[in-house]
Amino acid sequence: MTISQQVSPVSPPLSTRRRWTVLAVCATAMFLIGLDTTIVNVALPDIGRDLRTDTRGLQWTVDAYTIVFAGLLITSGSLADRYGRRRVFRTGLVIFGAASLACALAPSLEVLIAARALQGVGASMLSPVALAIVVNAMPEPRERARAIGIWASVFGLSMATGPVLGGALTTALGWRAVFWAGVPIVLAALLLVALVVPESRGHRHRRLDLPGQVLLMTSIGLGVGLLIEMPRLHHATAGLIAGPLLLAVLVLAFVQVETRRPQPLMDPALFRRPAFAGAVVGAAAVFVALNMTLFLNTLYLQETLGWSAARAGAATLPLAVGATICAPIAGTLMGRRGPRMPLLLAGGFLAVGGLGLLLAGDREGTGWALLALALVGIGIGFANAPLTTTAVTGLPKERAGVAGGTTSAARQVGAAIGIAVGGSLVADVDAAGLAAASRPGWIIVSGCGLVLVAVAALSAQSPGRSGRGDE
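The residue count restarts for each chain, going from 1 along the sequence in the order it is written. At least 70 in pLDDT is required for a residue's local features to be given in this predicted model, at least 80 for side-chain atom pairs to be given and counted, and no such filter applies to totals for whole chains, interfaces and linings, which use all residues. Just so you know, side-chain values use all the structure's heavy atoms and leave hydrogens and water out.

A.B. asks: Run through the pattern of salt bridges, naming residues and quoting values.
C.D. replies: Think of a salt bridge as a Lys or Arg side-chain nitrogen and an Asp or Glu carboxyl oxygen that are within 4 Å of each other. One pass over the structure, following the stated rule, counts six salt bridges. Across the pair glutamate 303 and arginine 49 runs a salt bridge whose closest N-O atoms are separated by 3.1 Å. A residue pair is termed long-range when its members are at least 10 positions apart, and glutamate 303 in helix α11 (residues 274–304) and arginine 49 in helix α2 (residues 44–51) qualify at 254 residues. You can call glutamate 303 partly exposed: its relative accessible area is 34%. Note that arginine 261 is salt-bridged to aspartate 209, the shortest N-O span being 2.8 Å. Remark: aspartate 209 occurs in the loop between α8 (182–196) and α9 (210–233) and arginine 261 occurs in the loop between α10 (237–260) and α11; sequence separation between them is 52 residues. Exposure categories follow from relative accessible area, calculated using a 1.4 Å probe and restricted to protein chains: below 20% of the type maximum is buried, above 50% is exposed, and the middle band is partly exposed. Judged by its relative accessible area of 29%, arginine 261 falls in the partly exposed class. The class of aspartate 209 is buried, set by a relative accessible area of 3%. Among the charged side chains, a network of salt bridges with common partners joins Asp46, Arg49 and Glu303. Strands are runs of DSSP state E lasting at least two residues, helices are runs of H or I lasting at least four, and both sets are numbered from the N terminus onward.

A.B. asks: Explain the side chain of glutamine 412 residue by residue, including any values.
C.D. replies: The topology assignment puts glutamine 412 in helix α16 (residues 400–426). With residues up to four places along the chain from it excluded, the contact list for glutamine 412 reads Thr37, Thr66, Phe69, Ala70 and Leu73. The contact criterion used is simple: two residues touch if any of their non-hydrogen atoms lie within 4.5 Å.

A.B. asks: Explain the packing of α2 against α11 to me, and be specific about the residues and the numbers.
C.D. replies: For every element, the axis is a line fit to its C-alpha atoms; helices are fit only across the contacting stretch, and the angle between N-to-C directions ranges from 0 to 180 degrees. At a minimum axis separation of 9 Å, α2 and α11 run at an interaxial angle of 65 degrees. Relative to α11, α2 is oriented roughly perpendicular. Only Phe295, Thr298, Leu299, Gln302 and Glu303 of α11 make contact with α2, whose side of the interface consists of Leu44, Pro45, Asp46 and Arg49. In this classification, the charged set is Asp, Glu, Lys and Arg, the nonpolar set is Ala, Val, Leu, Ile, Met, Phe, Trp, Tyr, Cys and Pro, and all remaining amino acids, among them Gly, are polar. A breakdown of the residues in the contact of α2 with α11 according to their chemical character gives four nonpolar, two polar and three charged. By the definition adopted for this analysis, an angle is roughly parallel if under 35 degrees, roughly antiparallel if over 145, roughly perpendicular if from 65 to 115, and oblique otherwise.

A.B. asks: Talk me through the packing of aromatic side chains; I want residue IDs and the actual numbers.
C.D. replies: Only Phe, Tyr and Trp rings take part, Trp by its six-membered ring, and two of them pair if their centres are within 6.5 Å. Stacked means planes under 30 degrees apart, edge-to-face means over 60, and tilted covers everything else. Enumeration according to the criterion identifies four aromatic pairs in this entry. On the basis of an interplanar angle of 65 degrees and a centroid distance of 5.6 Å, the ring pair of tyrosine 65 and phenylalanine 69 is categorised as edge-to-face. Here phenylalanine 69 and tyrosine 65 lie together in helix α3 (residues 55–83), a separation of four residues that amounts to about one turn. As far as burial versus exposure is concerned, tyrosine 65 and phenylalanine 69 are alike and both buried. Sitting over a ring, as applied to charges here, requires NZ of Lys or CZ of Arg to be within 6 Å of the ring centre and within 35 degrees of the ring normal. The side chain of arginine 311 reaches across the aromatic face of tryptophan 307, ending 3.9 Å from its centre.

A.B. asks: Give me a nonpolar patch on the surface: which residues, what numbers.
C.D. replies: Taken together, the side chains of Leu317, Val321, Ile325 and Ile329 define a hydrophobic patch exposed on the protein surface, amounting to about 320 Å² of accessible area. Here isoleucine 325 is to be found in helix α13 (residues 317–337). Patch membership requires over 30% relative accessible area and the absence of a salt bridge. Like charges are linked within 9 Å, and nonpolar side chains (Val, Leu, Ile, Met, Phe, Trp, Tyr) within 5 Å. Residue exposure ignores everything except the shown protein chains as possible cover, and the areas themselves are Shrake-Rupley values with a 1.4 Å probe.

A.B. asks: An account of the nonpolar core is needed here, citing residue identities and associated values.
C.D. replies: By size, the foremost hydrophobic cluster in this structure holds 99 residues, and its most contacted members are Ile47 and Phe89. Beyond its immediate sequence surroundings of up to four residues, isoleucine 47 is in contact with Val40, Arg52, Thr53, Leu58, Leu112 and Trp175. In this structure, Val224, Ile228, Phe254 and Leu265 belong to the second largest nonpolar core, which totals 14 residues. We define the nonpolar core as a collection of buried residues of types Ala, Val, Leu, Ile, Met, Phe, Trp, Tyr and Cys that are connected through side-chain atoms lying within 4.5 Å of one another.

A.B. asks: Just give me the short version of helix α5 (residues 109–137), but keep the residues and values in it.
C.D. replies: In a regular helix each residue adds 1.5 Å, so 29 residues correspond to 42 Å; α5 covers 41 Å between its end C-alpha atoms and thus fits that length. Maximum bend of α5: about 25 degrees, positioned at valine 129. Burial within α5 is extensive, with 22 of its 29 residues counted as buried. Helix span is expected to be 1.5 Å times the residue number reduced by one. Two axes enter the bend calculation: one fitted to the seven residues ending at the residue in question, the other to the seven starting there, and the bend is the angle between them.

As structure tokens, this is what we get:
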């Protein structure tokens, strides 16, 4: 979620009712975007059977969305500041709704993947722009802080409840219902945007960085693609060498281009700040853990234990509850003691939760696994707010938007990596072997918790830290 610090100087003041209606409209759209990031996971086994695809095809079904979403986040925010936030927001809704319709009607895996990528384009126009609209509509700092708190809770809730709703829809109506469900919400949001959301623009426009955009998208796509296709390439020595080498060249070219541009898409100089770099890595790690947990757990419950999609989705409720309850607690702790304490709690719970999932494979019943999922959810709930605060603490206000956008992009990259690595672990593994094949994944989830502990140490050393870093 990119946070714009620029409030349009020509925007007329809105009534209290209209300001909070604007928040409700934008939060509803963002609920849909967050939901779409995780709702598909529980439907994957049904998609695989219906479209006759293997694990790699299912990985691309999820990651086509997150790769495009991550790659276009910052550019979409810049377009909105230049051409109008409401205009870009409405365009994003139309694209997202049309893509959802295409997903629901997809006759083949290839069409589904292409439609998911188009969904990512629409989502990138909604995620940064909607929050900028809310910030512009609420110029009073205290009211704006409350609105952003509600915003963060809604987004976190949508991510956590996606598997539960996805499982219920898939069992009752089939996997296509997962995509049909978003269409009426998009139509309602379009109507409300036309009625209540004012137009606004950024006070200062960032120049578009097309070379940086192309290099970023290509690098993310190639990197995730290599992770997905690596099991297939293990016999092709040339591919194993050429792929990583090309990725390294692209990353170096991206750094060189961005270093020389006056207004880069992603400023490499920010990564010289240990706290910022740590927060970006931590944000990616949280979403690696979340998406790997959902992906591997879904396959095991449905393919090995034979559970229905609804039952498998309901099994993620402990994770959803833990994340939802602990997110506001993290905000309170952060306001009183800074980001270090909630980050330590996040890292500790996530590490123990990953270890619990590792041990759960050797135990009878699912009680131990449900407890471990709750611990993972608690860790995720404590993580998001302090990571964003750590990223922007100590930076000038005019750079906070770029820092927030970079952190948001890192989350989506982490989501793509979690699916790619998790799928690679279980590719070509039969149902009986899923539990054993998933064990390295649970070690990675636990390791992501240790990454957050390291980020907490960096946040403690950050020069300008305060309990209320710029969001």
